[in-house]
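# Fold and contact review
The chain contents come next:
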Amino acid sequence: MPRNIQTLRNIGIIAHIDAGKTTVTERMLYYAKATHKMGEVDKGTTTTDFDPEEQQRGITIYSACVSFQWRGCDFNLIDTPGHVDFTAEVERSLRVLDGGVVVFSAREGVEAQSETVWRQADKYGVPRLAFINKCDREGADFYATLEQIRKRLGSHPLLVQIPVGIGPPHVNNPFRGVIDLVAMRLLTFTGEKLGAEVISQELPEDLRDEASLYREQLLGELFNFSNELAELVLADQPVPEPLVKQVLRQATIDRQIVPVLCGSALHYVGIQPLLDAVADYLPSPADLPPVVGVDPKNPDKQLTRAAKEDEPFCGLVFKILADKHGDLHFVRIYSGELKANSRVYNPGKDKKENAAQLWHIQADRREQVPTAGAGDIVGVIGPRFSITGDTFCETQAPILLESIAFPDTVISMAIEPESSLERKKLGEVLEMLKRQDPTFRALENEETGQTIISGMGELHLEVIKHRLLRDFKLDVKVHKPRVSYKETVNAAAEETGKCQRVVNGQSLFAECRVRITPASDDKPATVSTQWIAEDSHQKQCVYILQTALREHAEGGGLYGCPLYNCHLELLPTTLPEPLPNEVALRIAAADAFDRVLKSATVTLLEPIMKVEVTTPEDHVGDVINDLQQRRAMITGSQLRGPNTVLDAEAPLSAMFGYSMAVRSLSQGRASFTMEPLRYGPAPADVQESFM
Ligand code: GDP
């Protein structure tokens, strides 16, 4: 039997780095009995971060999906990374979530990254709860954080809990528990038993006034969303708890409000009520509108699928993890049912795939299941051709869901294995990393013996480097990262390349005719041909020429950089008799490639990043000056609370080490996000340095 859709919760925990996402996750899994031993981030033993690199750095990079049960609900917890270099990963998780828990630190409040992710969650229409963590910390300020959620995030937070006291044990009125404003109870947690027991008691006299005040506020807000509740309030009648919950749930799902809870994950306070709130207020897949896709044969025709078992099956591959039993393809099922040992259709690749085994991944064990239903998330072993972002569906009812887009890589780093044994090992490890992380590329250069790895930013490559050296203990030499330049042509051109040589008394003769045209599709160069070969020998010649052109386009043009934003077409010519051999064809293709680029003329392109800096008013001038010195173009600015948010476009080459710079410019108060935007012409001095 598939899981019941009404009691499914596909959620993600979203947070700025260090707000406590990992600790909250860890506690949730523990209380849900998914793990037997409580993990501690500071000791590096947590369960969702099962990647050693993450544990060492204490950041969550690779999102994984963990299932557990709570109060009769099946939770699928999709981890979302919090670092700026991984926005693509965050967006990817948001695509498949139904609800989010946003964790804030009561000490640091709303930080820049939380703002970015909050806006991404808005874009994907994700209903959320807010959890104000670290109420036990020195300097924690619950109500100031609440105000920031309201003002900086432009949202409508609604308190369903308030903290009792705030700050560490030595202060006057330390944090000791929470008041549940829905049930009007005091909740405390037993520290000795790792908070496993929640003690719910009547409100003591001294807390009643404060609790009543906030309860009134809560009802006053909910008043707007339900006539039934409004009538009771107006008649001064008690409002039953189930009604409050029902109204809260609907308003949360409609994204009218964001219920706010609080606690201290580290000290085991507030986690079980947070789990309850997810079950009570966040949507099940059945509460959401049908997913929209297109007919693969006719992309103009929209199709929808409701989250129902009797609809034809469709799902989206949102993550692939290499696993010792085979690659696990994490699939969000939007409609119908997926059975083990069945065939699914991948309409994007026009291929049938085997869904051999279905797995639900728990924190400490995995469970093989015969079927998974609409709304659920399942790890599938068996597919061979599919990658992240691909749709799976029934062959009889094809639908193509919107793919997950990943930008081209913008930064690269050379690595050299120290021995041929290492080279083989390196190759295998890189293949695995590539499958797991679609924003990472690796390419071996046979001539130099170097492997070039590329990614989305400085940190991204640094993480990969550490994994290679530390986790996989590879003996490789790692060079400094450098910007990935590309080149494009300025005009269309057509040329013929030739091979006319005599080698060892044998004459080598071949020709290759090619046309190049500029394009503006923000893509690596494409190579095609209309040449229809007359027989299989000719066909082989055409294939060799086309492959050679493709290799040259990828390998580099006049600047030695891969061709971008252009299209190469192999044009038909008369092949000599006897047919030329491969060497002659390749020489002719190389000559044609060189000639056509020279006649079209080329421009060097550099990656341009989209940068967003959030800075307090007093540092705006310095930040702008600095950005301008980095050749940035400021494209917009807006006030958000006490801060100014600057939007800019800047070349990546000028943004190395920016995180340090922006911190020192603003005494640590400004923060930024940066992601690849497009490729643009490099300035003359950079072009010259390539000559
Ligand atoms: P993440 O980066 O968001 O995953 O945050 P972590 O869960 O790794 O927590 C970051 C740091 O804050 C760790 O040292 C935690 O022990 C600590 N921490 C997490 N929650 C709390 C809390 O409620 N109170 C206090 N005092 N520290 C916490």
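Cut-offs applied
Residues numbered from 1 in each chain as written. Predicted model: local features only at pLDDT ≥ 70, side-chain atom pairs only at ≥ 80, totals over all residues. Heavy atoms only, no water. Phe/Tyr/Trp six-rings, centres within 6.5 Å; stacked < 30°, edge-to-face > 60°. Helix = DSSP H or I, 4+ residues; strand = E, 2+ residues; numbered from the N terminus. Buried < 20%, exposed > 50% of the residue type's maximum accessible area, 1.4 Å probe, protein only. Lys NZ or Arg CZ within 6 Å of the ring centre and 35° of its normal. Contact = heavy atoms within 4.5 Å. Near = heavy atom within 4 Å. Areas by Shrake-Rupley, 256 points an atom, 1.4 Å probe, with all protein chains shown as cover. Nonpolar A, V, L, I, M, F, W, Y, C, P; charged D, E, K, R; others polar. Pairing = 2+ DSSP bridges. Polar contact = N/O pair within 3.5 Å; in protein donor to acceptor, adjacent residues only side chain to side chain. Axes fitted to C-alpha atoms, helices over the stretch in contact; angles between N-to-C directions. Salt bridge = Lys/Arg side-chain N within 4 Å of Asp/Glu carboxyl O. Parallel < 35°, antiparallel > 145°, perpendicular 65-115°, else oblique. Left-handed = near helix turned anticlockwise from the far one by under 90°. Arc of directions from axis to C-beta. Disulfide = S-S within 2.5 Å.

## Things to note about the packing of aromatic side chains
- Taken as a whole and assessed by the stated rule, the structure comprises eight aromatic pairs.
- For the ring pair F104 and W118, a centre distance of 6.2 Å and an interplane angle of 45° mean the geometry is tilted. You can see F104 sitting in strand β4 (residues 99-105) and its partner W118 sitting in helix α4 (residues 112-123), a full 14 residues away along the chain.
- What makes F104 buried here is its relative accessible area of 1%.
- Residue W118 is classed as buried on the basis of its relative accessible area of 4%.
- Measuring from centroid to centroid gives 4.9 Å for F142 and Y143, while their planes differ by 90°, and the two rings are edge-to-face.
- Grouping aromatic residues by their ring pairs yields a cluster made of F142, Y143 and Y214.
- The ring of F385 is capped by K351, whose NZ or CZ atom sits 4.7 Å from the centre of that ring.

## What about the environment of I333?
- Along the chain, I333 turns up in strand β15 (residues 328-335).
- Under the relative-accessibility criterion, I333 is labelled buried at 0%.
- In contact with I333, not counting residues within four places along its chain, are F313, C314, G315, L338, A372, G373, A374, G375, D376 and V378.

## Quick look at the site of the ligand
- Inspection of the region around the ligand gives 18 residues, with D18, K21, T22, T23 and D136 positioned closest.
- If the ligand stood free it would expose 580 Å²; the protein chains cover 89% of that surface.
- Of all the elements, helix α1 (residues 21-31) adds the most residues to the shell around the ligand, at three residues.
- Class assignment of the residues belonging to the shell around the ligand gives a composition of five nonpolar, seven polar and six charged.

## Focus on the pairing of strand β3 (residues 73-79)
- With seven of its seven residues buried, β3 lies for the most part within the structure.
- Side chains of β3 alternate between two faces, with C73, F75, L77 and D79 and D74, N76 and I78 buried alike.
- Two elements, strand β1 (residues 8-15) and β3, share six bridges in a ladder whose sense is parallel. By the bridge assignment for β3, I13 is matched with D79.

## Description of helix α7 (residues 227-234)
- Two to three positions downstream of the cap, the backbone nitrogen of E228 sits 3.4 Å from a side-chain oxygen, assigning the N-cap of α7 to S226.
- One or two positions beyond α7, positive phi appears at D236, with a value near 60°.

## Observations concerning the sheet that holds strand β32 (residues 506-518)
- Here we have four strands laid out as an open sheet, ordered β31-β32-β34-β33, and mixed in their pairing. Either end of the sheet is taken by a strand with one partner, and the two such strands are β31 (493-503) and β33 (526-529). Strand after strand, the sheet turns through a mean of 25° between neighbouring axes, direction not considered.
- Two strands pair when backbone bridges link them, and β32 and strand β34 (residues 566-571) are joined in this way by six bridges, in the antiparallel orientation. Residue pairing across strands places P518 opposite C566, the latter belonging to β34.
- Against the sheet, helix α13 (residues 582-600) contacts β31, β32 and β34, and its axis sits at roughly 145° relative to β31.

## What to know about the pattern of salt bridges
- In total, this model carries 32 salt bridges according to the counting rule given.
- Among the salt bridges present, the one from E444 reaches R423, with a minimum N-O distance of 3.4 Å. Taken together, the residues E444 in strand β26 (residues 441-445) and R423 in helix α10 (residues 420-436) connect sequence positions 21 residues apart.
- Since its relative accessible area comes to 44%, E444 is described here as partly exposed.
- Residues joined by salt bridges that share partners form a network here, namely R71, E241, K245, D276 and D280.

## Considerations on the side chain of T644
- Here T644 lies in strand β37 (residues 643-651).
- Under the relative-accessibility criterion, T644 is labelled buried at 6%.
- In this structure the side chain of T644 is engaged in a polar contact, spanning 2.9 Å, whose partner is the side chain of E617.
- Setting aside chain neighbours within four positions, we find T644 in contact with V613, T614, T615, E617, V620, S637, Q638 and L639.

## Some remarks on the packing of helix α6 (residues 205-222) against helix α8 (residues 241-253)
- Packing of α6 against α8 leaves a shortest axis separation of 11 Å and a crossing angle of 55°. Relative to α8, the element α6 is oriented oblique. Considering only the axes of α6 and α8, their crossing is left-handed. Residues R215, L218, L219 and L222 of α6 form the contact with α8, whose participating residues are V244, V247 and L248.
- When grouped by side-chain class, the residues that make up the contact of α6 with α8 number six nonpolar, no polar and one charged.

## What about helix α14 (residues 620-629)?
- What α14 keeps buried is the set V620, V623, D626 and L627. Seen from one end, α14 has its buried residues packed into an arc of 135°, which puts them on one side.
- Following α14 by one or two positions, R631 adopts a phi angle in the positive range, close to 60°.

## As for the environment of E444
- Residues E444 and A414, spaced 30 residues apart in sequence, show a C-alpha to C-alpha distance of 9.5 Å.
- Once residues within four sequence positions are removed from consideration, E444 is found in contact with R423, Q450 and T451.
- A polar side-chain atom of E444 sits 3.4 Å from a polar atom in the side chain of R423.

## Digging into the sheet that holds strand β24 (residues 400-401)
- Spatial strand order, β13-β12-β24: three strands in an open sheet with antiparallel pairing. Either end of the sheet is taken by a strand with one partner, and the two such strands are β13 (298-305) and β24.
- Note: strand β12 (residues 291-295) against β24, two bridges, orientation antiparallel. When the sheet's bridge partners are listed, V294 is paired in β24 with L400.

## Re unusual backbone geometry
- Cis peptide bonds are those with omega within 30 degrees of zero, and the linkage from E577 to P578 qualifies with -10°.
- Note on placement: P578 falls in the loop between β34 and α13.
- In the Ramachandran plot, D522 falls in the positive-phi region, its phi being about 55° despite a non-glycine side chain.
- The topology assignment puts D522 in the loop between β32 and β33.

## A closer look at the state of the cysteines
- Applying the stated criterion across every chain, the model contains zero disulfides.
- Note on C135: no disulfide assigned, nearest cysteine sulfur contributed by C262 at a separation of 4.8 Å.
- Cysteine C561 remains unbridged, with the sulfur of C566 as its closest cysteine sulfur at 13 Å.
- A relative accessible area of 5% means that C561 is categorised as buried.

These values are about where atoms sit, not about what they do.
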